[in-house]
Amino acid sequence: MADRQVERIAEFIRPLRVDPGSKVVIDKDFDPRYVAGLKKSAGVELLRTGESLLADYQSRLAAQGTHGVLFCVQALDAGGKDGTIRHVMSGVNPQGVRVSSFKVPSVEELDHDYLWRYARGLPARGEIAIFNRSHYEEVLVVRVHPEVLARQKLPGRPRGTKLWARRYREINHWERYLTHNGFKVVKILLNISKEEQRARFLKRIDRPEKNWKFSAADIRERRRWDDYQRAFSEMLSATSTDWAPWYVVPADRKWFARICAAAVLVDALSDIDPQYPTVDDQAARDLLTARRELEAEGTELAPPAPHTAARRPKT
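The text that follows walks through the structure, step by step, so that each part is easy to find. (Residues numbered from 1 in each chain as written. Predicted model: local features only at pLDDT ≥ 70, side-chain atom pairs only at ≥ 80, totals over all residues. Heavy atoms only, no water.)

1. With respect to the overall build of the protein chain
Rules: Strands here mean DSSP runs of E at least two residues long; helices mean DSSP runs of H or I at least four residues long; both are numbered from the N terminus. To get the radius of gyration, use the C-alpha atoms; to get the globule rule, take the number of residues to the power 0.38 and multiply by 2.2 Å. Working definition: with a 1.4 Å probe on protein chains only, accessible area under 20% of the residue-type maximum means buried, over 50% means exposed, and in between means partly exposed. Contacts are assigned to residue pairs that have any heavy atoms within 4.5 Å of one another. Note that accessible areas follow from Shrake-Rupley with a 1.4 Å probe, and for residues the cover is restricted to the protein chains shown. His is not counted, nor are the chain ends; Lys and Arg add positive charge and Asp and Glu add negative charge. All charge positions are set by atom: Lys at NZ, Arg at CZ, Asp at CG, Glu at CD.
Within the protein chain one finds 15 helices and five strands. In terms of overall size, the protein chain is more extended than a compact globule, its C-alpha atoms giving a radius of gyration of 25 Å where 315 residues would be expected to give roughly 20 Å. Dimensions along the principal axes, computed over C-alpha positions, put the protein chain at roughly 90 × 45 × 40 Å. Per-residue burial for the protein chain yields a buried fraction of 44% across its 315 residues. Across the protein chain, every contact between residues at least 6 apart in sequence was considered, and the portion connecting residues at least 24 apart equals 80%. Entry remark: accessible area of the protein chain is about 17,700 Å², with carbon and sulfur atoms responsible for 52%. Each charge sign in the protein chain was given a centre, from 53 positive and 43 negative side chains, and these centres are 5 Å apart.

Here you go:
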């Protein structure tokens with residue numbers, strides 16, 4: 001049964017995968033409104049299936065302790081990163097999951113290479129680490145805002161397409177290094193339309209309980225929409241690899257985005273297929289001896305059953 005569910009999930013996410021080596025134009029190749037013909041009511045059941053499989057795989061991943069998973073979630077403002085992470089990971093053991101959010105780098109972080117702060121958030125074996133925004137900020141925000149690049153104090157003042165080609169290459173090599181060492185790199189881009197982003201911003205303005213989520217900087221970034229779309233397209237083209245492919249998740253419908261995110265993560269874990277460790281013969285004999293001792297102890301210490309106690313004669 002589980003095998004059929006995993007196969008179904010793999011088929012479900014195939015249209016979202018960026019084929020390595022392909023040339024992507026995101027606004028032409030991926031529709032933010034795509035829902036695979038599903039209705040929301042059917043999607044609820046699919047999400048539950050994904051969450052159940054995810055919880056099982058995560059438990060096995062932690063018990064096996066040989067692999068880790070890095071789950072990178074990228075999106076523009078109001079793309080649904082926080083909600084997607086919260087819903088998809090709701091059924092897993094929080095001890096085996098940690099989330100890192102990467103915002104404006106600190107002075108200390110700027111004094112190191114651009115991947116340093118991301119390396120500090122990598123998972124241990126048996127863990128799932130989630131990057132809410134990731135090392136791909138270094139070829140997105142940094143590319144759209146040259147002033148951010150200037151603060152990185154790079155020697156020789158590298159500029160132009162050569163710089164970004166070099167960073168794509170370095171990131172690909174870094175992710176390859178991680179996979180060689182047992183760490184699966186899973187990457188999704190929550191792809192929201194400009195109109196849907198506008199609608200979500202208006203909700204943040206109009207609903208008092210959402211005012212805190214809105215910033216004037218969101219509008220300034222929105223003015224760079226076309227720049228971000230070009231940066232996304234080139235990033236997807238250059239960094240979707242056989243060992244760490246990108247998945248472009250349609251994000252205009254939050255319920256569908258959450259299904260897709262869970263499916264992508266489940267598919268990656270099924271590829272690892274972690275198993276509970278087995279014990280050797282001596283450990284099995286030790287377990288049997290311990291069981292016998294505990295059973296004998298229970299016979300001596302267990303209180304009498306209630307119906308037996310009730311029949312005891314009074315003294």
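Alright, that's what it looks like, and here's the rest.
2. Examining unusual backbone geometry
Its identity as a non-glycine residue notwithstanding, Ala36 has a phi of 60 degrees, on the positive side. Structurally, Ala36 can be placed in the loop between helix H2 (26-29) and helix H3 (40-64). Ala36 sits in the partly exposed class, given a relative accessible area of 33%. Not every positive phi belongs to a glycine, and Lys153 is a case in point at roughly 55 degrees. Relative to the assigned elements, Lys153 resides in the loop between helix H8 (146-150) and helix H9 (160-180). A residue is classified by how much of its surface remains accessible, and Lys153, at 56% relative accessible area, is exposed.

3. Notes on the packing of H9 against helix H12 (residues 225-239)
Heads up, the condition is: Axis definition: a line fitted to C-alpha atoms, over the contacting stretch in the case of helices. Angles run 0 to 180 degrees between N-to-C directions. By definition in this entry, angles of less than 35 degrees are roughly parallel, angles greater than 145 are roughly antiparallel, angles of 65 to 115 are roughly perpendicular, and the rest are oblique. Crossing handedness follows the turn of the near helix against the far one: under a right angle anticlockwise gives a left-handed crossing, and clockwise gives a right-handed one. For this scheme, ten residues count as nonpolar: Ala, Val, Leu, Ile, Met, Phe, Trp, Tyr, Cys and Pro. Four count as charged, namely Asp, Glu, Lys and Arg, and the remainder, Gly too, count as polar.
Between H9 and H12, whose axes approach to 10 Å, the crossing angle comes to 45 degrees. Taken together, H9 and H12 sit at an angle that is classed as oblique. Between H9 and H12 lies a crossing whose hand is right-handed. Mapping the contact onto sequence places Tyr168, Asn172 and Glu175 in H9 and Glu234, Met235, Ala238 and Thr239 in H12. Taken together, the residues of the contact of H9 with H12 sort by class into three nonpolar, two polar and two charged.

4. Things to note about the pattern of salt bridges
Here is the rule we go by: Salt bridge criterion: a side-chain nitrogen from Lys or Arg within 4 Å of a carboxyl oxygen from Asp or Glu.
On inspection of all chains with the given rule, the structure shows 23 salt bridges. The shortest N-O distance in the salt bridge between Arg207 and Glu209 comes to 3.0 Å. With a relative accessible area of 35%, Arg207 lands in the partly exposed category. Here the residues in one salt-bridge network are Asp56, Arg60 and Asp273, joined through shared partners.

5. Some remarks on the packing of aromatic side chains
Applicable threshold: Centres within 6.5 Å make a pair out of two Phe, Tyr or Trp rings, where for Trp the six-membered ring is used; the pair is then stacked when the planes are under 30 degrees apart, edge-to-face when over 60, and tilted otherwise. Consider the ring centre and the ring normal. A charge sits over the ring if Lys NZ or Arg CZ is within 6 Å of that centre and within 35 degrees of that normal.
Counted under the stated rule, the structure contains nine aromatic pairs. Seen from their ring centres, Phe201 and Phe214 are 5.8 Å apart, and the 80 degrees between their planes marks the pair as edge-to-face. Placement of the pair is Phe201 in helix H10 (residues 194-206) and Phe214 in the loop between H10 and helix H11 (216-222), with a sequence separation of 13 residues. Take Phe201: its relative accessible area is 3%, and that puts it in the buried class. Relative accessible area serves as the criterion here: at 24%, Phe214 is assigned to the partly exposed category. Judged by centre distance (5.8 Å) and plane angle (80 degrees), the rings of Trp255 and Phe256 are edge-to-face. Aromatic rings pair up to connect Phe12, Tyr34, Trp255 and Phe256 into one cluster. The cationic tip of Arg167 hangs over the ring face of Tyr114; the distance from NZ or CZ to the ring centre is 4.1 Å.

6. Focus on the sheet that holds strand S2 (residues 97-101)
Note the following rule: The criterion for strand pairing is that DSSP finds at least two bridges linking the strands in question.
Pairing is parallel in the open sheet, where five strands are placed in the order S2-S3-S1-S4-S5. Edge strands, defined here as strands with exactly one partner in the open sheet, are S2 and strand S5 (246-250). Direction aside, neighbouring strands of the sheet carry axes that sit 20 degrees apart on average. As defined by bridge partners, strand S4 (residues 183-191) adjoins S5 across five bridges and the pair is classed as parallel. Across the sheet, residue Lys187 finds its bridge partner in S5, namely Trp246. In the packing of H12 onto the sheet, contacts are made with S4 and S5, and the angle to S5 comes to roughly 140 degrees. Where helix H13 (residues 254-272) meets the sheet, its contacts fall on strand S1 (68-75), strand S3 (128-132), S4 and S5, and the angle it forms with S4 comes to roughly 165 degrees.

7. Some remarks on H3
For an α-helix, the turn length of 3.6 residues means that residues three or four places apart are oriented alike. Our working definition: Take the number of residues in a helix, subtract one, and multiply by 1.5 Å to get its expected span.
Taking 1.5 Å per residue as the helical rise, H3 with its 25 residues ought to reach 36 Å, and the 36 Å between its terminal C-alpha atoms agrees with that figure. With its phi angle positive at about 65 degrees, Gly65 sits one or two positions after the end of H3.

8. Quick look at the nonpolar core
Stated precisely, the cut-off is as follows: The set of buried Ala, Val, Leu, Ile, Met, Phe, Trp, Tyr and Cys residues whose side-chain atoms join them within 4.5 Å is what this entry labels a nonpolar core.
The biggest cluster of nonpolar side chains holds 82 residues, and the ones touching the most others in it are Met89, Ile188, Met235, Leu236 and Leu269. The element best represented in this core is H13, accounting for 14 residues.

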